[in-house]
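Results of the structural survey
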Amino acid sequence: MDPIRNPYVPGAGAQPPALTGREDLLERARVMLERVRLGRPTKSFIAVGLRGVGKTVLLNRVRQMAETIGYRAVFIEAHEHKSLPELLVPPLRRVLLEFDRLGALSEQVKRGLRVLKSFMSGIKLRYAEAELALDIDSEHGAADSGDIEADLPELFASLGKAAAARSVPVVLFIDEIQYLGEKDMSALIMSLHRVAQENLPVVLVAAGLPQVVGLSGRSKSYAERLFDFPPVDALGEADATRALSAPAEAEGVSYEPDVLNDIIVTTLGYPYFLQEAGYHVWNAAERSPISQADLRRAMPLALQRLDESFFRVRFDRLTPREKEYLRAMAQLGPGPHRSGEIAEMLGMGVRTAGPLRNGLLIKGMIYSPAHGDTAFTVPLFDAFLRRIMPDWSPPERPIESQRKT
Ligand SMILES: Nc1ncnc2c1ncn2[C@@H]1O[C@H](COP(=O)(O)OP(=O)(O)O)[C@@H](O)[C@H]1O
Ligand SMILES: [Mg+2]
């Protein structure tokens, strides 16, 4: 079929041609945004799910929704090697400057800008001067202690007052929120607590890997009162079917019976894999309806493409020892697995394997679904590891017992 008209979009954050199975989540987001706008108490929302389930796409959709109903949106992506202030200051500055231009002089907005300036000096943020210069005096004694847990709530409160003065609510989007450090997470939670207490129109919509639930609980025990953690999972059969068939139908193309079902069985309904499979089966097909023969030709290509992109970008970030650890996990199957069993497979004690496991948790490669359990954050990663490291086998004799002899 004409590749130019191919409707499927495998790719991180790519808006799918049919966003299926997320109606409930979008409705929850809508209610939350409307409530904040009315000044009603509302929990912020952190969508939790594995890689490739559609979290980024969801945040972008909620962003469109928010902007349509008059919100100003701030969108950042957390990063292992960047602090929250570094990420937040430039867009917050933009919002406050916009508020400043938005109408008659507002003391709350001016104060917001002054507090932002003192916040920057307090935590000694260095940016290219010209880029972030604020032509305003700083507000001495406000948000400039240098302690982010004291300063960020102060900054959020002044932002919220500026937003209220302009009657423009602010929604902060944070993608990959599991990458925030504990201190940053704690400061963020305290800031949201503060704006909620003062009924200010600022709300968080975030997305992250499952470790974010533990991270926020460790950072602040009251986090669960401030946040909902709705899960974003693989699509059920009906939604997965529609994700594939609706975009084809829009192009006048159909599938032979069973083809859709076979795709759903091999992809397990994971959105990224559905898009990749749909994309290749479309290009492989000569005509409508798409047939089993087309599927047989397309699937190896789809898998190869996934190996080169979706899986590969994760694999390339690993050290050789981390690869070993994950490969040992893959030997045991899809998981989750007992951490002790993985260590044993590697010929290590659980304690010795601990730091290695911890590094992988921080990198977002694995998570702990229950105490002592370890699972992949990338669906089907076990099969990929067995493909890419086919010759791996467990060490013959455990290192521990070698030492004893
Ligand atoms: N509900 C959905 N229906 C169909 N495809 C989807 C859906 N959500 C996401 N996708 C597709 O899945 C892929 C991954 O989406 P993305 O938002 O990047 O996932 P995540 O952020 O969870 O890793 C993209 O190609 C996107 O088009
Ligand atoms: Mg994402």
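For the structure given in this document, a descriptive report is provided here. Every chain is numbered independently, its residues counted from 1 as its sequence is written. As they are written, the chains are lettered A onward and the ligands numbered 1 onward, keeping that order. Note on the predicted model: pLDDT of at least 70 is required for a residue's local features to be given, and 80 or more for side-chain atom pairs to be given and counted; whole-chain, interface and lining totals, by contrast, use all residues. For the side-chain quantities, the full set of heavy atoms in the structure was used; hydrogens and water were omitted.

Some words on the overall build of the chain
This is how the line gets drawn: Think of it this way: any DSSP run of H or I at least four residues long counts as a helix, any run of E at least two long counts as a strand, and we number them from the N terminus. Buried, partly exposed and exposed residues are distinguished by accessible area as a fraction of the type maximum, computed with a 1.4 Å probe on protein chains only: under 20%, between the cut-offs, and over 50%, respectively. Here, residues are in contact when the closest pair of their heavy atoms is within 4.5 Å. Under the convention used here, a 1.4 Å probe and the Shrake-Rupley method define accessible areas, while residue burial counts only the protein chains that appear.
From N to C terminus, the chain includes 18 helices and 8 strands. Projected onto its principal axes, the C-alpha coordinates of the chain cover approximately 70 × 70 × 40 Å. Expressed as a percentage of the 405 residues in the chain, the buried residues total 51%. Pairs at least 24 apart in sequence give 77% of the contacts found in the chain among residues at least 6 apart. Summed over all atoms, the accessible surface of the chain reaches about 18800 Å², with 51% contributed by carbon and sulfur.

Some words on the site of ligand 1
Worth spelling out the cut-off: Throughout this document, a residue counts as near a molecule or strand when at least one of its heavy atoms sits within 4 Å of that molecule or strand. The term polar contact refers here to a pair of N or O atoms within 3.5 Å; inside protein, the definition further demands a hydrogen-donor-capable atom paired with an acceptor-capable atom, and it admits residues adjacent in sequence only when both atoms are side-chain atoms. Nonpolar residues are Ala, Val, Leu, Ile, Met, Phe, Trp, Tyr, Cys and Pro. Charged residues are Asp, Glu, Lys and Arg, and all others, Gly as well, are polar.
Close to ligand 1 lie 24 residues, the nearest being Val-9, Gly-13, Ala-14, Gly-52 and Lys-55. Between an oxygen atom of ligand 1 and a main-chain N or O atom of Val-57, the distance comes to 2.8 Å. Here ligand 1, which alone exposes 570 Å², has 96% of that area covered by the protein. Of all the secondary-structure elements, those providing two or more residues to the shell around ligand 1 are helix H2 (55-68) and helix H12 (271-284). Across the shell around ligand 1, the residue classes break down as 14 nonpolar, 7 polar and 3 charged.

Let's talk about the environment of Leu-380
Looking at the element boundaries, Leu-380 is found in the loop between strand S8 (373-376) and helix H17 (381-388). The sequence separation of Leu-380 and Leu-268 amounts to 112 residues, and the corresponding C-alpha distance is 9.1 Å. If we ignore the near neighbours within four places in the chain, the residues touching Leu-380 are Thr-266, Leu-268, Phe-273 and Phe-311.

Description of the packing of aromatic side chains
Worth spelling out the cut-off: By convention, a stacked pair of Phe, Tyr or Trp rings (six-membered ring in the case of Trp) has centres within 6.5 Å and planes under 30 degrees apart, an edge-to-face pair has planes over 60 apart, and any other such pair is tilted. Comment: the charge-over-ring label is applied if NZ (Lys) or CZ (Arg) is within 6 Å of the ring centre and within 35 degrees of the ring normal.
Evaluation of the coordinates by the stated rule reveals 12 aromatic pairs. When the ring of Phe-75 is compared with that of Phe-173, the centres are 5.6 Å apart and the planes differ by 20 degrees; the resulting orientation is stacked. Separated by 98 residues along the polypeptide, Phe-75 in strand S2 (residues 72-77) and Phe-173 in strand S3 (residues 170-175) bring together distant segments of the chain. On the accessibility criterion, Phe-75 (25% relative accessible area) is partly exposed. Since its relative accessible area comes to 0%, Phe-173 is described here as buried. One aromatic cluster is present, formed by Tyr-270, Tyr-272, Phe-273, Phe-310, Phe-311, Phe-315, Phe-376, Phe-381 and Phe-384 through successive ring pairs. Above the face of the Phe-310 ring, Arg-314 is positioned so that its terminal group lies 5.1 Å from the ring centre.

Some details on the sheet that holds strand S4 (residues 202-208)
Strand-to-strand pairing in sheets goes through backbone hydrogen bonds, with the strands running parallel or antiparallel. Put simply, the rule reads: A pair of strands is considered paired only if DSSP assigns at least 2 bridges between the two.
Here 5 strands make up an open sheet; going across it, the order is S2-S3-S4-S1-S5 and the pairing parallel. The strands lining the two open edges of the sheet, one partner per strand, are S2 and strand S5 (227-228).

A few points about the packing of helix H13 (residues 292-315) against H17
Note the following rule: Axis definition: a line fit to C-alpha positions, over the contact stretch in the case of helices; interaxial angles, taken between N-to-C directions, run 0 to 180 degrees. Relative orientations are named as follows: roughly parallel for angles under 35 degrees, roughly antiparallel for angles over 145 degrees, roughly perpendicular for angles from 65 to 115 degrees, and oblique for any other angle.
Between H13 and H17, the shortest axis-to-axis distance is 11 Å and the interhelical angle comes to 100 degrees. As summarised for this structure, H13 and H17 are arranged roughly perpendicular, according to the angle between their axes. Every residue of H17 that contacts H13 at Leu-303, Asp-307, Phe-311, Arg-312, Arg-314 and Phe-315 is listed here: Phe-381, Phe-384, Leu-385, Arg-387 and Ile-388. In terms of residue class, the contact of H13 with H17 is made up of 7 nonpolar, no polar and 4 charged.

Section: the sheet that holds strand S6 (residues 337-338)
The sheet built from 3 strands is open, its strands ordered S6-S8-S7 with antiparallel pairing. Strands with a single pairing partner mark the edges of an open sheet, and in this sheet they are S6 and strand S7 (366-367). Bridge count for S6 against S8 is 2 bridges, and the pairing is antiparallel. When the bridges of S8 are listed, Arg-338 appears paired with Asp-373.

Comments concerning unusual backbone geometry
The step from Ser-288 to Pro-289 runs through a cis peptide bond, and the omega angle for that step is -5 degrees. Position of Pro-289 among the secondary structure elements: in the loop between H12 and H13. Residues Gly-335 and Pro-336 are joined by a peptide bond in cis, for which omega reads 0 degrees. Topologically, Pro-336 is positioned in the loop between helix H14 (320-331) and S6. Backbone geometry at Ala-143 places phi at a positive 60 degrees, although glycine is not the residue there. Topologically, Ala-143 is positioned in the loop between helix H5 (129-132) and helix H6 (148-166).

Remarks on the pattern of salt bridges
Which entries qualify depends on this criterion: One side-chain nitrogen of Lys or Arg within 4 Å of one carboxyl oxygen of Asp or Glu is enough to make a salt bridge.
A complete count under the given rule lists 28 salt bridges for this structure. A salt bridge links Glu-107 to Arg-114; the nearest nitrogen and oxygen atoms lie 3.0 Å apart. Across the pair Asp-307 and Arg-387 runs a salt bridge, and its minimum N-O distance is 2.7 Å. One end of the pair, Asp-307, is in helix H13; the other, Arg-387, is in helix H17, and 80 residues separate them in sequence. It is possible to trace a salt-bridge network through shared partners that takes in Glu-107, Arg-111, Arg-114 and Glu-139.

Digging into the side chain of Ser-245
Relative to the helices and strands, Ser-245 is located in helix H10 (residues 237-249). If we ignore the near neighbours within four places in the chain, the residues touching Ser-245 are Tyr-255 and Leu-260.

So, the side chain of Asp-175
Applied cut-off: For the charge count, each Lys or Arg is scored as positive and each Asp or Glu as negative, with His and the chain ends excluded.
Inspection of the secondary structure assignment puts Asp-175 in strand S3. Although Asp-175 is buried, it forms no salt bridge, and the closest oppositely charged side chain is Lys-55 at an N-O distance of 6.4 Å. Polar side-chain contacts of Asp-175 include one of 2.6 Å to the side chain of Thr-56. Beyond its immediate chain neighbours, meaning those up to four positions away, Asp-175 contacts Thr-56, Leu-59, Phe-75, Ile-76, Glu-77, Ala-78 and Ala-207.

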